[in-house]
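Residue-level structure breakdown
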Amino acid sequence: MTMQEISNNKTIAKNTLFLYFRMMVTMVISLYTSRVVLQVLGIDDYGIYQAVGGIVGFLSFINAALSTGTSRFITFGLGEGNLEKLKGIFSTTLTGHVILGLAIVIVAEIFGLWFLHNKMVIPPDRMVAAEWVFHLSILTAFFSLTQIPFNASIIAHEKMKIYAYVGMIDAFAKLAIVFSLKYSTIDKLIFFAILNCLLQIGIIIFYHIYTKHNFEEVTLRMRIYKKIFREIVGFSWWSLFAQISIALNNQGILLLLNMFFSPAIVAARSLSLQVNVAANQFVTNFQTATTPQIVKKYAMKDYEGSKQLLLETTKYSYYLMLLLCVPIFFTAESLLHLWLKVVPEYTTIFLQIIIIQSLFQVFDASLYRALYAKGRLKENALLSPTLGFISFPIVYILFKYGYSPVTLSWASLIFYAILALFIKPLLVIKIVDYKWKDIFNLFIPCLKVSVLSFLIPFLIIRFVKVDSLLLLFLFN
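This section reports on the structure supplied with the text.

Rules and cut-offs
- Residues numbered from 1 in each chain as written.
- Predicted model: local features only at pLDDT ≥ 70, side-chain atom pairs only at ≥ 80, totals over all residues.
- Heavy atoms only, no water.
- Helix = DSSP H or I, 4+ residues; strand = E, 2+ residues; numbered from the N terminus.
- Buried < 20%, exposed > 50% of the residue type's maximum accessible area, 1.4 Å probe, protein only.
- Contact = heavy atoms within 4.5 Å.
- Areas by Shrake-Rupley, 256 points an atom, 1.4 Å probe, with all protein chains shown as cover.
- Phe/Tyr/Trp six-rings, centres within 6.5 Å; stacked < 30°, edge-to-face > 60°.
- Lys NZ or Arg CZ within 6 Å of the ring centre and 35° of its normal.
- Patch = residues over 30% accessible without salt bridge, like charges linked within 9 Å, V, L, I, M, F, W, Y side chains within 5 Å.
- Salt bridge = Lys/Arg side-chain N within 4 Å of Asp/Glu carboxyl O.
- Axes fitted to C-alpha atoms, helices over the stretch in contact; angles between N-to-C directions.
- Parallel < 35°, antiparallel > 145°, perpendicular 65-115°, else oblique.
- Left-handed = near helix turned anticlockwise from the far one by under 90°.
- Nonpolar A, V, L, I, M, F, W, Y, C, P; charged D, E, K, R; others polar.
- Core = buried A, V, L, I, M, F, W, Y, C linked by side-chain atoms within 4.5 Å.
- Polar contact = N/O pair within 3.5 Å; in protein donor to acceptor, adjacent residues only side chain to side chain.

Some points on the overall build of the protein chain
In terms of helices and strands, the protein chain carries 18 helices and zero strands. Evaluated residue by residue, the protein chain yields a buried proportion of 56% over its 476 residues. At a minimum sequence separation of 6, the contacts of the protein chain that also span at least 24 residues come to 85%. Entry remark: accessible area of the protein chain is about 21300 Å², with carbon and sulfur atoms responsible for 68%.

Encoded structure:
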């Protein structure tokens, strides 16, 4: 192993530790604040907050697509070592984000407000509060969109320590917001939305100041370089297509739930998603720390090194997720009662299905990084979203005919299983020159460990009658 490889591994390890420390703090605080918010706002208001925010979240698929393109080009530019080009990339992406942010505000205010009043199931006496949440969510979405180039620079420079510190400050601030709700003299849902919006704006301002003073390429100059713009748009266009599908199957599903069921069902789905997000943070942090190295190795034409790093980190990511998912799956009901005290209907089954989905998401997200490093998203953007576009209307039709809200969870699970086991492997073999041997060497060990991990606790619960919470401590 060369000195450069040793240095890179140390950087990955250090950044991973920072991100894990951030994750542990933010996860504990986030889960606790969710419980308090649910108690203070009530199940219906909590569901309204999640559903109304879902309108803006659905439109923010543009945000996610541009984030992918921006991060990739800034990271690749660092790998090439061309400062002038890097400055052009940053200036172009910043200008593009501001323009698109304004466009999203206009579209959301026109069509989103119509959807809020005409399609969503919201009690008449809570409509004014829902409108406040809607407008503040749009404002927050605009500022979040404009900060993407600044966040991308921090990740590209692998300054995960800053990410960790800001994440913990954000978590403690949200905790303070939750406690302040109890003393609010105005509508608690409106007050909650106002404080969350102000918090996000404050964090955005900090990122702007930090990156401007620490990274040479960061400039507030509003200019679009046509050649760079065409490259980024060409890359991000396919990511945009994919993100529409993701938006349909995340925020879009919340909107569907609110159209056919009560806000309480939306709250149940949102709570299960929050646990899923917390679990995925274990893997996301690891991948965030390693992705810049994967991209930089590819930029330097070390293709084999990039591939081996990706495959190894994918395997470790899966084991890490499995270690978390198995005890959560078998103790879901008990954990939810400990966490929330009052558990909305369907939350347990939503959580158990989505936990299994998380395991497939590890492969889907990890193998995507190979396409991301090469800069070839077209094929993935044509195949992967097609499944999403198919599953969304199927769920809509099933809801229309009176099927259970759990239907959406099964549809989502099947969707990610196909992506992880078939679509992504085929794409990386065809486009990035991976071999079937590489894929089998990744999947087979993970499958063996998975079977044992689920079978042993199932047999213990089935035949030994061990309490689920006791089982949780035994496996940790």
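Describing the packing of aromatic side chains
For the structure on display, the rule yields 15 aromatic pairs. Pairing Phe-260 with Tyr-396 gives two aromatic rings, centres 5.5 Å apart and planes at 70°, and the pair type is edge-to-face. Of this pair, Phe-260 sits in helix α10 (residues 251-260) while Tyr-396 sits in helix α15 (residues 378-400); the two residues are 136 residues apart in sequence, bridging distant segments of the chain. Judged by its relative accessible area of 31%, Tyr-396 falls in the partly exposed class. Aromatic side chains Phe-329 and Phe-330 sit 5.2 Å apart centroid to centroid with 85° between the ring planes, which places their arrangement in the edge-to-face category. A relative accessible area of 16% means that Phe-330 is categorised as buried. Against the face of Phe-350 rests Arg-269, its NZ or CZ located 5.7 Å from the ring centre. Its guanidinium or amino end placed over the ring of Tyr-434, Lys-307 lies 5.8 Å from that ring's centre, counting from NZ or CZ.

What to know about a nonpolar patch on the surface
A cluster of nonpolar side chains, namely Leu-421, Phe-422, Leu-426, Trp-436, Phe-440 and Ile-444, defines an oily patch on the protein surface of about 590 Å² accessible area. When contributions to the nonpolar patch are tallied by element, the ones reaching two or more residues are α16 (407-431) and α17 (436-464). Assignment of secondary structure puts Phe-440 in helix α17.

Some thoughts on the environment of Val-432
With respect to the helices and strands, the residue Val-432 is situated in the loop between α16 and α17. Given the relative accessible area of 10%, Val-432 is considered buried. Expressed as a C-alpha distance, the spacing of Val-432 and Ala-373, which sit 59 residues apart in the sequence, is 9.2 Å. When neighbours within four sequence positions are excluded, Val-432 is seen to be in contact with Tyr-298, Ala-370, Leu-371, Lys-374 and Leu-427.

Thoughts on unusual backbone geometry
In the Ramachandran plot, Tyr-346 falls in the positive-phi region, its phi being about 80° despite a non-glycine side chain. Here Tyr-346 lies in the loop between α13 (332-340) and α14 (347-374).

Focus on the packing of α14 against α16
Contact geometry of α14 with α16 gives a least axis separation of 8 Å together with a crossing angle of 20°. In terms of orientation, α14 lies roughly parallel with respect to α16. As α14 packs across α16, the resulting crossing turns out to be left-handed. Taken together, the residues that form the contact of α14 with α16 break down as 20 nonpolar, four polar and three charged.

Topic: the nonpolar core
One finds Val-52, Leu-116, Met-120, Ile-122, Leu-257, Leu-351 and Tyr-434 to be the most contacted residues of the largest nonpolar core, which totals 116 residues. Counting five residues, the second-largest nonpolar core is a separate cluster that includes Phe-350, Ile-353, Val-406 and Leu-413.

Digging into the pattern of salt bridges
In a structure, side chains of opposite charge can pair up when their charged atoms sit close to one another. Scanning the entire structure with this criterion turns up seven salt bridges. Of the charged contacts in the structure, one is a salt bridge between Lys-307 and Asp-438, with a shortest N-O distance of 3.1 Å. Taken together, the residues Lys-307 in helix α12 (residues 303-330) and Asp-438 in helix α17 connect sequence positions 131 residues apart. Note on accessibility: Lys-307 and Asp-438 belong to one class, buried. The residue Lys-424 makes a salt bridge to Asp-364 at a minimum N-O spacing of 2.6 Å. With Lys-424 in helix α16 and Asp-364 in helix α14, this pair connects stretches of sequence that are 60 residues apart. Of the residues examined, Asp-364 reaches a relative accessible area of 12% and is grouped as buried. Connected via shared salt-bridge partners are Asp-45, Arg-126 and Asp-187.

A look at the side chain of Thr-211
For Thr-211, the location among the structural elements is in helix α8 (residues 188-214). With a relative accessible area of 0%, Thr-211 lands in the buried category. Within the structure, Thr-211 has its side chain in polar contact with the backbone oxygen of Tyr-207 (distance 2.8 Å). Residues in contact with Thr-211, not counting those within four places in the same chain, are Phe-150, Ile-154 and Val-218.

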